[in-house]
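# Descriptive analysis of the structure
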Amino acid sequence: MRLILVGPPGAGKGTQATRLVEKYKIPQLSTGDMLRAAVAAQTPVGLKAKEVMDAGGLVSDEIVVGIIHDRIAEDDAQNGFILDGFPRTIAQAEALDEMLKADNLKLDAVLELRVDQTKLVDRIVKRAEDAKAAGQPVRKDDDPEVFKQRLDAYNRDTAVVAPFYQKIGLLSVIDGMQSIDDVSASIESVLEGLDEKV
Ligand code: AMP
């Protein structure tokens, strides 16, 4: 199963991806996580990406496409994967399409978590508080001001990705304002519908 989760930052993509990993035993490929690891390890990619990530902007297509290209070639991704936070631009979506075509692979579904953006800042403040309470590090870009920049980047560059997949019949829209369990159930019913189509 090859899936993409799209939606603004704070929509719940990471939470739902974690659940899908358990259920389908396929890896979650989060470009955000990979970039944060590169920043922490101070790799050349990390050094380039750090500043733009700290400011809530988008890392270059070239960098993230390169990361995904290498990652989907790894053994654990051969039976499928869940892309979380990629593609974020049409250029990235087109590059992914080419990569998959080159290996005769297809996406099964693109799930858009649709949310009320006015509620997202509250969610992100809560995410930071929860991380702190659990003794986990708080993401620097979960600061409310930086978060607003990330939301702007989403609306400017990434909001066009869902319609791109809608045009080719792959998009399913999920109400991301439901409880976490209800969002999972909505996703399940979409994915069960795919099984029936096969
Ligand atoms: P995320 O964890 O998905 O919210 O990503 C955190 C940050 O990493 C984003 O705000 C961007 O700066 C960067 N990033 C992650 N994925 C991408 C992507 N596909 N394209 C460009 N930048 C990305």
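Look up a bit, the structure's there.
Since the structure is predicted, the reported quantities are computational estimates derived from the model, not experimental observations.

### What to know about unusual backbone geometry
In the segment running from Phe86 into Pro87, the intervening peptide bond is cis, with an omega of 0 degrees. For Pro87, the location among the structural elements is in the loop between strand 3 (81-84) and helix 5 (90-102). One non-glycine residue, Lys25, lies in the positive phi region at around 55 degrees. Relative to the helices and strands, Lys25 resides in the loop between helix 1 (13-24) and strand 2 (28-30). What makes Lys25 exposed here is its relative accessible area of 68%. The backbone of Gln42 shows a phi angle near 55 degrees, a positive value even though the residue is not glycine. Along the chain, Gln42 falls in the loop between helix 2 (31-40) and helix 3 (44-54).

### Observations regarding the packing of aromatic side chains
Applying the stated rule across the entire model yields one aromatic pair. Ring plane angle 90 degrees and centroid distance 5.0 Å describe the contact between Phe164 and Tyr165, whose orientation is recorded as edge-to-face.

### A few points about helix 1
Here helix 1 contains 12 residues, and its C-alpha end-to-end distance of 16 Å stays within 8% of the 16 Å for a straight helix at 1.5 Å per residue. After helix 1 finishes, the residue Lys25 shows a positive phi value of roughly 55 degrees.

### A word on the site of the ligand
Residues in close proximity to the ligand total 16 residues, the closest being Thr31, Gly57, Gly85, Arg88 and Gln92. Between the ligand and Arg139 there is a distance of 3.1 Å, counted from an oxygen atom to a side-chain nitrogen or oxygen. Contact with the protein chains covers 96% of the free accessible surface of the ligand, which is 480 Å². The element that contributes the greatest number of residues to the shell around the ligand is helix 2, accounting for four residues. In terms of residue class, the shell around the ligand is built from six nonpolar, five polar and five charged.

Here is what the cut-offs are and how they apply
- Residues numbered from 1 in each chain as written.
- Predicted model: local features only at pLDDT ≥ 70, side-chain atom pairs only at ≥ 80, totals over all residues.
- Heavy atoms only, no water.
- Helix = DSSP H or I, 4+ residues; strand = E, 2+ residues; numbered from the N terminus.
- Buried < 20%, exposed > 50% of the residue type's maximum accessible area, 1.4 Å probe, protein only.
- Phe/Tyr/Trp six-rings, centres within 6.5 Å; stacked < 30°, edge-to-face > 60°.
- Expected span 1.5 Å × (residues − 1).
- Near = heavy atom within 4 Å.
- Polar contact = N/O pair within 3.5 Å; in protein donor to acceptor, adjacent residues only side chain to side chain.
- Areas by Shrake-Rupley, 256 points an atom, 1.4 Å probe, with all protein chains shown as cover.
- Nonpolar A, V, L, I, M, F, W, Y, C, P; charged D, E, K, R; others polar.

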